Amino acid sequence: MHAQPLAPSPSVSGRWVRAGYWTRLLPLLALLACVTRVPSFTRPLWNPDEGYLAVQARLLAQGGELYETVVDRKPPLVPWLYQGAFAVAGSESLTPVRVLAVLAQLATALALASLARRRWGDAAGRTAGALYLLVSVGLNPEDAQAAGFELFILPCTAAALWCADRRRWGMAGLAAGCAFLAKQTGGAVLLPVLWLCGVRGGGRGGLLRPAAGAAAPVLGAALVTDPGGFLFWTVTGSGTYASLDGSGAHALGRGLANAALVAVACAGLIPPVARALRAGREGAGGPGRGTGTTADLWLWLAASAGAVAVGFHFFGHYYLQLLPPLALLAASALHGRPAHRRTAALRTSACCCVLFLAWGLLAPRTELDHARRLAGTVAGRTGPGDRVLVWGMHPETYWLAGRAPATRYLTAGLLTNYSGGRDGSRVGETYAVEGAWEVFREEMATHPPVLVVDDSRGKPYGPRHVPGLRRLLDAGYVRAGTVDGAVLYVRGTGGRQGGSGGIRVPGPASPA
């Protein structure tokens, strides 16, 4: 008699099936993540947030202290990521950070695919991962292609829901805490995590596990930096910035415009989600497949919408938080529907993706070109060890010029409350960050900048609107020319005079 071959055990068979699924899906999602991020590699930087982070990372590498000599209204995770990338590959280019952004997008897509597959099956997993990457570029390229704070929120929020779906409450809270450390609004994902914990029998005591998990990294970051400074800069010190007074119509217009862009990008997702909502459909599943409803996903979407609205600025990159829950809701809505519906959603999303990628590749570089010309001038008129003051909203000038800022306040916004989200209301010294002007005056007296660049260009934070800056210039600086509308001032009467006209603009200070 011949021995019958032994059949593989169910557990071994299941592992082979899972391995085969991911072996096929991972390369496809990785390729899609790379393709959708191609425009991000085509220019030195995309927006002032990247410039701010690059300058912060350099200052930290030179011994600066976060929330002391290096300040911003954001938590520390993304500045640390930039600092780490620069330590490995140098600070002359954002390419290493761009690579981290691709990996962040891929990690987000994989977490969403895994979550959707657990709930609704293999096809739903593939759909969720692909749809997310396709719609992830659906904003102005300055928002979608930048390696900014919101982009690094996304893998943390997806991981939080992934862990909560598997009842790993402590890890879910930990991921939510890391999302907060990328940017405060990332903590909104804790709401659906706590809801899942409650409905799945975690009980009142069980809610302590995700809450404690979320608190642990936040408290750790506060202790590693400066607890008082961390609390002030990330929570209590932004009251005037978050106010809508005087800028309601301005902010509303921006919010509607960015919402329209997201709607275009999600043209393949919105119809199936709307049909499912009208029909009262719920995600398929069962006790062994995770939750059988999509209530937590709707709660995640609502919490993310609230995060977009916090601060009433409605910048485009804020809307990135909406995309992961939208991709999962679309995967749920397409589950059990005819295959051609899923194909249509993917095809429509791919077509919209191509349009946004073309926009990213062809977008004008007006402000970037201005910053590079200005940086070349700054580098040409100062030495490597000189401190300069760029009075404007483009901190990337410091990074491109390779010069250290004369103050910890890298933009005029922290000293006047001006931002791109305002129309000029509530702008001035009165609305500055509490205590900022006292510190600024001390810095100017201790280490006066060799060169001051007024890059306000007619904005309401220019010297004629800000007595503190005007006194500084009147007391020790003389006008030395202009570059692209920015006015240069040198210290004392011994500086090189440029007259009232333009001055020679040297080439870029670095390969960036």
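For the structure itself, look to the data block above.
Being a predicted model, the structure only gives us computed values, none of them experimental.

Enquirer: Just to check I follow, could you spell out the overall build of the protein for this structure?
Expert: A tally of regular secondary structure across the protein gives 22 helices and five strands. Within the protein, contacts between residues at least 6 apart in sequence are counted, and of these 75% link residues at least 24 apart. A total of about 21100 Å² of accessible surface is found on the protein, and carbon and sulfur atoms cover 62% of it.

Enquirer: Help me understand the layout of surface pockets, please; the structure alone is not making it clear to me.
Expert: Gaps between atoms show up when a probe of the same size as a water molecule is rolled over them. For the second largest pocket, the calculated volume is near 390 Å³. If you trace the second largest pocket, you find 17 residues lining it, with T69, R387, A406, R408 and E443 closest to the centre. Elements represented by at least two residues in the lining of the second largest pocket include exactly β2 (404–405) and α21 (436–446). Sort the elements by how many residues they give to the lining of the second largest pocket and α21 lands first, with four residues. Along the lines of polarity and charge, the residues of the lining of the second largest pocket split into six nonpolar, seven polar and four charged.

Enquirer: Where do I start with the pairing of strand β3 (residues 451–454) in this structure?
Expert: A regular strand carries its side chains on alternate faces of the sheet. On β3, burial covers both faces: L451 and V453 on one face and V452 and D454 on the other are all buried. Pairing of strand β1 (residues 387–391) with β3, which is carried by four bridges, proceeds in the parallel orientation. Looking at β3, one finds that L389 is bridged to V452. Examined bridge by bridge, β3 and strand β5 (residues 486–491) share four bridges and lie antiparallel to one another. Along β5, the bridge assignment pairs D454 with V487.

Enquirer: What am I meant to see in the pattern of salt bridges here?
Expert: Working definition: two side chains of opposite charge can pair if their charged atoms are close together. The full count for this structure, using the stated rule, is eleven salt bridges. Measuring nitrogen to oxygen at the nearest pair gives 2.5 Å for the salt bridge that ties R373 to D484. Of the two residues, R373 is situated in helix α18 (residues 366–381) and D484 in the loop between β4 (477–483) and β5; the sequence distance between them amounts to 111 residues. Residue classification places R373 among the partly exposed residues on the basis of a relative accessible area of 38%. Overall, the relative accessible area of 37% leaves D484 in the partly exposed class. Put simply, R408 and E443 hold a salt bridge, and the shortest N to O gap is 2.7 Å. Of the two residues, R408 sits in the loop between β2 and α20 (413–416) while E443 sits in helix α21, which places them 35 residues apart along the sequence. Overall, R408 belongs to the partly exposed group, its relative accessible area being 22%. With relative accessibility at 13%, the residue E443 sits in the buried group. Where salt bridges share partners, they join R118, R119, D165, R200 and D296 into one cluster.

Enquirer: Sorry, what's going on with helix α9 (residues 190–199) here?
Expert: Residues of α9 that are buried: P192, V193, L196 and C197. For α9, the buried positions fall inside an angular range of 140° around the axis, keeping them on one side.

Enquirer: Which parts of the structure should I look at to understand helix α11 (residues 208–224)?
Expert: Residues lying three or four places apart along an α-helix face the same way, a consequence of the helix completing one turn every 3.6 residues. Its 17 residues place the ends of α11 24 Å apart at the C-alpha level, agreeing with the 24 Å of an ideal helix rising 1.5 Å per residue. For α11, the complete set of buried residues consists of P210, G213, A214, P217, V218, A221 and A222.

Enquirer: For this particular structure, what's the right way to read the nonpolar core?
Expert: Across soluble globular proteins, you tend to see nonpolar side chains buried next to one another. Core analysis: the largest hydrophobic core is formed by 80 residues, its most contacted members being Y82, W391 and F440. No other element matches the seven residues that helix α2 (residues 48–61) contributes to this core. Contact partners of Y82, with chain neighbours within four places excluded, come to E50, L53, A54, A57, L94, V97 and A147. Residues C266, L269, F314 and L328 belong to the second largest nonpolar core, which totals 59 residues.

Enquirer: What should I look at first to understand the environment of A87 in this one?
Expert: Within the secondary structure, A87 is located in helix α3 (residues 77–89). Given the relative accessible area of 66%, A87 is considered exposed. Taking C-alpha positions, A87 is 7.8 Å from A61, a pair spaced 26 residues apart along the chain.

Enquirer: Whenever I open this one, the sheet that holds β3 confuses me. Can you help?
Expert: In a beta sheet, neighbouring strands are held together by backbone hydrogen bonds and run either parallel or antiparallel to one another. Strand order across the open sheet formed by five strands is β2-β1-β3-β5-β4, with mixed pairing between neighbours. Unpaired on one side and paired on the other, β2 and β4 mark the two borders of the sheet.

Enquirer: Whenever I open this one, unusual backbone geometry confuses me. Can you help?
Expert: Glycine aside, residues mostly have negative phi angles, and peptide bonds mostly take the trans form. Phi is positive for Y67, close to 70°, though the residue is something other than glycine. Structurally, the position occupied by Y67 is in the loop between α2 and α3.

Enquirer: Sorry, what's going on with the packing of helix α7 (residues 149–165) against α9 here?
Expert: Helix-helix packing is described using two parameters, namely the angle between the two axes and the distance between the axes. At a minimum axis separation of 10 Å, α7 and α9 run at an interaxial angle of 0°. The orientation of α7 with respect to α9, classified from their angle, is roughly parallel. Counted together, A160, L161, A164 and D165 of α7 and P192, V193 and L196 of α9 form the full contact between these two elements. Tallied by class, residues from the contact of α7 with α9 come to six nonpolar, no polar and one charged.

Enquirer: Mind showing me how you'd approach the pairing of β5 here?
Expert: Burial runs high along β5: five of the six residues are buried. Note: β4 against β5, five bridges, orientation antiparallel. Along β5, the bridge assignment pairs Y477 with R491. Between β4 and β5, which pair antiparallel one after the other, the connecting turn spans two residues, and D484 there sits at a positive phi close to 55°.

Parameters at a glance
- Residues numbered from 1 in each chain as written.
- Predicted model: local features only at pLDDT ≥ 70, side-chain atom pairs only at ≥ 80, totals over all residues.
- Heavy atoms only, no water.
- Helix = DSSP H or I, 4+ residues; strand = E, 2+ residues; numbered from the N terminus.
- Contact = heavy atoms within 4.5 Å.
- Areas by Shrake-Rupley, 256 points an atom, 1.4 Å probe, with all protein chains shown as cover.
- 1 Å grid on protein atoms, 1.4 Å probe; cavity = no way out; pocket = protein on both sides within 12 Å on 5 of 7 lines; lining within 4 Å.
- Points joined across faces, edges and corners; volume = space filled by probe spheres on them.
- Nonpolar A, V, L, I, M, F, W, Y, C, P; charged D, E, K, R; others polar.
- Buried < 20%, exposed > 50% of the residue type's maximum accessible area, 1.4 Å probe, protein only.
- Pairing = 2+ DSSP bridges.
- Salt bridge = Lys/Arg side-chain N within 4 Å of Asp/Glu carboxyl O.
- Arc of directions from axis to C-beta.
- Expected span 1.5 Å × (residues − 1).
- Core = buried A, V, L, I, M, F, W, Y, C linked by side-chain atoms within 4.5 Å.
- Axes fitted to C-alpha atoms, helices over the stretch in contact; angles between N-to-C directions.
- Parallel < 35°, antiparallel > 145°, perpendicular 65-115°, else oblique.

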